[in-house]
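Next come the chains, spelled out residue by residue.
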Amino acid sequence: MLSFNHIAPKIMVVNLLALALLINVATAYTNHTVGDSAGWLFNSTANRTSADYSAWAAKNTFSLGDYLIFNTNTNSTVVQTYNETTYKSCTVDDASDKDTFQYLGGSNEYGKPLFVAVALTLEGNQYFFSEADDGFQCQQGMAFGIKVSHGSGLPPSLNQPPPPPYVEPPSTVEEGQTPPVTILTSPPGSSCGMKNSVGIVVAMMAILAMYLCK
């Protein structure tokens, strides 16, 4: 029989390997708070951003599966684009839905705190900016670009295939046509049946009249 003293070192090794695996999984992806403690904010009185976002982006490393956390408010917006031309224009007016996404469109309720989390799901260059005040905030530096590396790849939670496109079920009636209608040549229970019944009654009355007249 094996003693506990003999098994204990092996158990310790297994536990250490499991702990290392958990730590590796936990540290494989990073939540980046944009602007750190300064957040994603714009001072409309001073016409300046709360942080130098280009400098903030330059000191961070971004990988697939990471998240950008925007601590912001309803005075600003969060726009993500893969199109450098859209980024430099500071507007989404001519942007394509395929490469530009607006996570926050502003609000009439100014100054309300908001939290926006953006997952990094594509490798390569991508850009972020605020389009608020007709792009003025972006022009004043509320914008930055990053380059996303492969890293550990996408986690399963972000690596799901898109749902299949909706396919309309086939119709039994061709477009522009009305459903088939059954046309009766005569009402049910009448028609020839009724005519035959009337003919028999008339014939019987004629025979009865002839009999009475004899």
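Preceding this section is the structure that the text describes.
Description of the structure in this document. (Residues numbered from 1 in each chain as written. Predicted model: local features only at pLDDT ≥ 70, side-chain atom pairs only at ≥ 80, totals over all residues. Heavy atoms only, no water.)

1. A short note on the side chain of Asp99
Note that Asp99 resides in the loop between α3 (84-89) and β7 (100-104). Although Asp99 lies buried, it forms no salt bridge, and the closest oppositely charged side chain, Lys98, sits 9.2 Å away as judged by the N-O distance. Filtering out sequence-adjacent residues up to four positions away, Asp99 remains in contact with Gln80, Thr81, Tyr82 and Asn83. (Helix = DSSP H or I, 4+ residues; strand = E, 2+ residues; numbered from the N terminus. Buried < 20%, exposed > 50% of the residue type's maximum accessible area, 1.4 Å probe, protein only. Lys, Arg positive; Asp, Glu negative; His and termini not counted. Salt bridge = Lys/Arg side-chain N within 4 Å of Asp/Glu carboxyl O. Contact = heavy atoms within 4.5 Å.)

2. Section: the pattern of salt bridges
On inspection of all chains with the given rule, the structure shows two salt bridges. When the shortest N-O distance is used, the salt bridge between Asp36 and Lys59 registers 3.3 Å. Of the two residues, Asp36 is situated in the loop between β1 (31-33) and β2 (42-43) and Lys59 in the loop between α2 (53-58) and β4 (62-63); the sequence distance between them amounts to 23 residues. Of the charged contacts, one joins Glu84 and Lys88 as a salt bridge, the two residues approaching to 3.3 Å between their closest N and O atoms. Within this pair, Glu84 and its partner Lys88 are both found in helix α3, separated by four residues, close to a single helical turn. Accessibility expressed as a relative area gives 61% for Lys88, which makes it exposed.

3. What about the sheet that holds strand β8 (residues 113-119)?
If you trace the three strands from one edge of the open sheet to the other, you get β1-β5-β8, paired in mixed fashion. The sheet is open, and its two borders are formed by β1 and β8, each paired with just one other strand. Direction aside, the axes of adjacent strands within the sheet are offset by 25 degrees on average. In terms of strand pairing, strand β5 (residues 67-73) meets β8 through seven bridges, oriented antiparallel. Looking at β8, one finds that Tyr67 is bridged to Ala119. (Pairing = 2+ DSSP bridges. Axes fitted to C-alpha atoms, helices over the stretch in contact; angles between N-to-C directions.)

4. Regarding the state of the cysteines
Evaluation of the coordinates by the stated rule reveals one disulfide. Shown here is the disulfide that connects Cys90 with Cys138, its sulfur atoms set 2.1 Å apart. Classification of the bridge connecting Cys90 and Cys138 rests on its S-S torsion, roughly -60 degrees, and on that basis the disulfide is left-handed. With Cys90 in the loop between α3 and β7 and Cys138 in helix α4 (residues 136-139), the pair connects residues that are 48 residues apart, well separated along the chain. A single burial state applies to Cys90 and to Cys138, both of which are buried. (Disulfide = S-S within 2.5 Å.)

5. As for the side chain of Gln137
Structurally, Gln137 is set in helix α4. Reaching out from Gln137, the side chain makes a polar contact with the side chain of Ser130 at a distance of 2.8 Å. Residues contacting Gln137, with those up to four places away along its chain left out, are Phe42, Asn75, Ser76, Ser130, Ala132 and Met142. (Polar contact = N/O pair within 3.5 Å; in protein donor to acceptor, adjacent residues only side chain to side chain.)

6. Some points on a negative patch on the surface
Residues Asp93, Asp94, Asp133 and Asp134 make up a contiguous surface patch of negative charge. Summarising the element assignment, Asp93 is placed in the loop between α3 and β7. (Patch = residues over 30% accessible without salt bridge, like charges linked within 9 Å, V, L, I, M, F, W, Y side chains within 5 Å. Areas by Shrake-Rupley, 256 points an atom, 1.4 Å probe, with all protein chains shown as cover. Charge placed at Lys NZ, Arg CZ, Asp CG, Glu CD.)

7. Re unusual backbone geometry
Backbone geometry places Asp36, a non-glycine residue, at a positive phi of 55 degrees. Classification of Asp36 as partly exposed rests on a relative accessible area of 37%. Even without glycine at this site, Cys90 takes up a positive phi of about 60 degrees. Take Cys90: its relative accessible area is 7%, and that puts it in the buried class.

8. Some words on the nonpolar core
Val34, Trp40, Leu68, Phe70, Phe128, Phe144 and Ile146 are the most contacted members of the largest nonpolar core, which totals 20 residues. Broken down by secondary-structure element, the contributors of at least two residues to this core are α2, β5, β8 and β10 (143-149). Listed in part, the seven residues of the second largest apolar core include Val79, Cys90, Cys138 and Ala143. (Core = buried A, V, L, I, M, F, W, Y, C linked by side-chain atoms within 4.5 Å.)

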